[in-house]
Amino acid sequence: MERLTLSPAKGMAAEAWHTGRPASPGLVAGPLFIARPMIHRESVAGSPAEEAAKLRSAITTSIAAIEALQAKASDDAAEILEFQIAMLGDEALAEGAFAAILDGVAADAAWTTALDVQIAEYAVAEDEYFRARASDLSDIRDRVLENLLGGGGALPPAGAIYLGEDMQPSRFLACDWSAGGGIALTGGSPSSHVAMLARARGVPMVVGLKLDLAAVKSADAALLDGEGGRINVAPSAEATEAFHSDVAKASNDAARWEKYLLQPGKTADGERVLTQINVAAPEELDSLDPAICDGIGLVRTEFLFHDQPRLPDEASQYAVYHRIITWAAGRPVTIRTLDAGGDKPIAGLSMEAESNPFLGLRGIRLSLAYPEIFRVQLRALARAAAAGPLKIMLPMVTVPDEITATATLLDDEFAKLQAAGVPCRRPDLGIMVEVPATALAIEHYPAAFFSIGSNDLTQYVTASARDIAAVAGLNDTANPAVLRLIGEVAGYGRKAGIDVSLCGDAGGDPRLLPLLLSAGMRNVSMAPKMLARAKSVIAEWRAS
Ligand code: PEP
Ligand code: MG
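Computed from a prediction, not measured in an experiment: that's the story for all the values here. (Residues numbered from 1 in each chain as written. Chains lettered and ligands numbered in written order. Predicted model: local features only at pLDDT ≥ 70, side-chain atom pairs only at ≥ 80, totals over all residues. Heavy atoms only, no water.)

1. Quick word on the site of ligand 1
Under the convention used in this document: To be near a molecule or strand, a residue needs just one of its heavy atoms within 4 Å of it. Counting of polar contacts relies on pairs of N or O atoms within 3.5 Å, with two restrictions inside protein: one atom must be capable of donating a hydrogen and the other of accepting it, and residues adjacent in sequence are counted only when both atoms are side-chain atoms. Surface exposure here means Shrake-Rupley accessible area, sampled with a 1.4 Å probe, where a residue is shielded only by the protein chains that are shown. Helix and strand assignments follow DSSP, with helices taken as H or I runs no shorter than four residues and strands as E runs no shorter than two, numbered in order from the N terminus. Three classes are used: nonpolar for Ala, Val, Leu, Ile, Met, Phe, Trp, Tyr, Cys and Pro, charged for Asp, Glu, Lys and Arg, and polar for all others, with Gly counted as polar.
Not every one of the 15 residues close to ligand 1 is listed here, only the nearest: R300, R336, K344, N455 and R466. In the model, an oxygen atom of ligand 1 is placed 3.5 Å from a nitrogen or oxygen of the G453 main chain. Between an oxygen atom of ligand 1 and a main-chain N or O atom of S454, the distance comes to 3.1 Å. When ligand 1 sits alone it has 290 Å² of accessible area, and the protein chains cover 99% of it. Of all the secondary-structure elements, those providing two or more residues to the shell around ligand 1 are β11 (296–300) and α15 (454–462). The element that contributes the greatest number of residues to the shell around ligand 1 is α15, accounting for three residues. In the shell around ligand 1, the residues fall into three nonpolar, four polar and eight charged.

Here it is, written out as structure tokens:
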């Protein structure tokens, strides 16, 4: 992603900017709301029976409060709250606290200690997914604690930049973001629930800031740069002025790009470039007009499986796929089978503690290892295909046998559905081209279409993990070796009459898009919010 470059403010002290990791793009200036770490006030213990009753009632009150929040929440937010309700309803969560109460410890101290132990375990988990869940647990801890101690967690005023160690999802949902505002965290992770909510709501967010919270003075107007991953908590007048001119420039640019949104992608010399969208959650589509795109180039189904107490059954998968196809109103929809594993673990399915998860049992490898689970997804897809032009795409294909093995399962499920008189259609079966072995010998892969996964292809070709900041400079799709492979796959597709698209982040990246066009790509799929700008880049590009 190209970073929005802010003009260097004249005379601004370099240390005024603190850098972390970008979690949600956007520029915002606003008063700082500093969430200082909660200071634990230990109360005097009553009898164990009294303390246990106090804790039980605080847990019940907390569940009721989260349920009330959930009733007003959108689908994705409601799922997160569901997870918290399930955790709080699980007897095992408070077991340690009740045991300590029996030993004479006060309810608040017992609860805090018990939860801190579990939070610490999550916080040091090897897996980013579990680390990110630590903030759900601290949310639960603080909410119950507030109920025990009779306090109330203060919320940032509308338009403020929340600065803290972490932010709990329920606190995010209780905030009023209608007047803007942002989030800056010294902890956190771009893949946490709260980061996902921030991106979906357009709230700029930065995580992992190197900043001593205790030393930060309140500021009337701090500056947050969600795309550059940095904050200025004590901006000079010059820095503020420069920032405001960057905000104005960013909004002018956005308005200029917006006029391309409903137009078809077309180069300056009039060649058509298909522009599709990537979808992680069906709710994302509710506010979008399907006329902005030529179709859906990637549905990442693993996100439908995230945070679920169990894997979704055929009926619930079918409902989601059907909803997406209905939204697309006749445009092609490419649904990728589960790409679990790697950096996207699914509890109870993907392998735990692989020494190198990106090279492990992920994507199609995992699906073929669990054919009974895979068959459920293939059935749901074949049924949904009766409602529109659905295509199935396999992630992480490394050898042609993975395609033939899947085709056998799909044909088998399709035959069973037909025999049972269930409406269905046998969708085309295509593959992601994201493993170098596949890109290098593409003519050996019997697929109906190819979609280049530039995110993984880049990390595998450059041997630099996509989630390690220290090698981010090497992990570049502009590397000539990556571009050469992309060009060769595009060229082979043209020659063989097989559709080739690209659905990695490079497709929506204004820096990389011209290089992809030069490599011969004429079909790109990207996050919906990148579409307008990408079409403007395409409109300015010419083949010669
Ligand atoms: C990719 O690897 O480019 C891709 C689109 O898949 P994901 O980012 O989900 O791995
Ligand atoms: Mg991938």
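Picking up after the structure, the text goes on.
2. Details of the domain arrangement of the chain
Worth spelling out the cut-off: Domain extents, as shown, originate in an automatic or database domain assignment.
Partitioning the chain into domains gives domain 1 (14–31 + 158–255), domain 2 (48–149) and domain 3 (259–540). Relative to domain 3, the C-alpha centre of domain 2 lies at a distance of 37 Å.

3. Considerations on the coordination of the magnesium ion (ligand 2)
The criterion, for reference: Donor criterion used throughout: N, O or S atom within 2.8 Å of the metal, extended to 3.2 Å for Na, K and Ca. Water excluded; incomplete-looking sites may result. Exposure is judged per residue with a 1.4 Å probe applied to protein chains only, and the accessible area is read against the type maximum: over 50% gives exposed, under 20% gives buried, and values in between give partly exposed.
At the metal site, the magnesium ion (ligand 2) is ligated by E434 (OE) and D456 (OD), and these contacts range over 2.0 to 2.1 Å. Here E434 is found in the loop between β14 (428–433) and α14 (436–440), whereas its partner D456 is found in helix α15, with 22 residues between them in sequence. Judged by relative accessible area, E434 falls into the buried class, the value being 2%.

4. Comments concerning the pairing of β14
Going by this rule: The rule for pairing is simple: two strands pair if DSSP sees at least two bridges between them. A crossover gets the label right-handed when its path from the first strand over the helix to the second runs clockwise, viewed with the strands pointing away from the viewer.
Summarising burial for β14: five of the six residues are buried, a large majority. Bridge count for strand β13 (residues 390–394) against β14 is four bridges, and the pairing is parallel. The partner of K391 across the bridge, within β14, is D428. Taken together, β13, helix α13 (residues 400–419) and β14 form a β-α-β motif whose crossover is right-handed.

5. Digging into the nonpolar core
To keep it simple, the criterion reads: Residues grouped as a nonpolar core are buried Ala, Val, Leu, Ile, Met, Phe, Trp, Tyr and Cys residues, joined through side-chain atoms within 4.5 Å.
The biggest cluster of nonpolar side chains holds 75 residues, and the ones touching the most others in it are I296, I431, F450, I452 and I486. Element by element, the count of residues in this core is highest for helix α16 (residues 480–496), at seven residues. By size, the runner-up hydrophobic cluster in this structure holds 28 residues, among which are A58, A94, A107 and I140.

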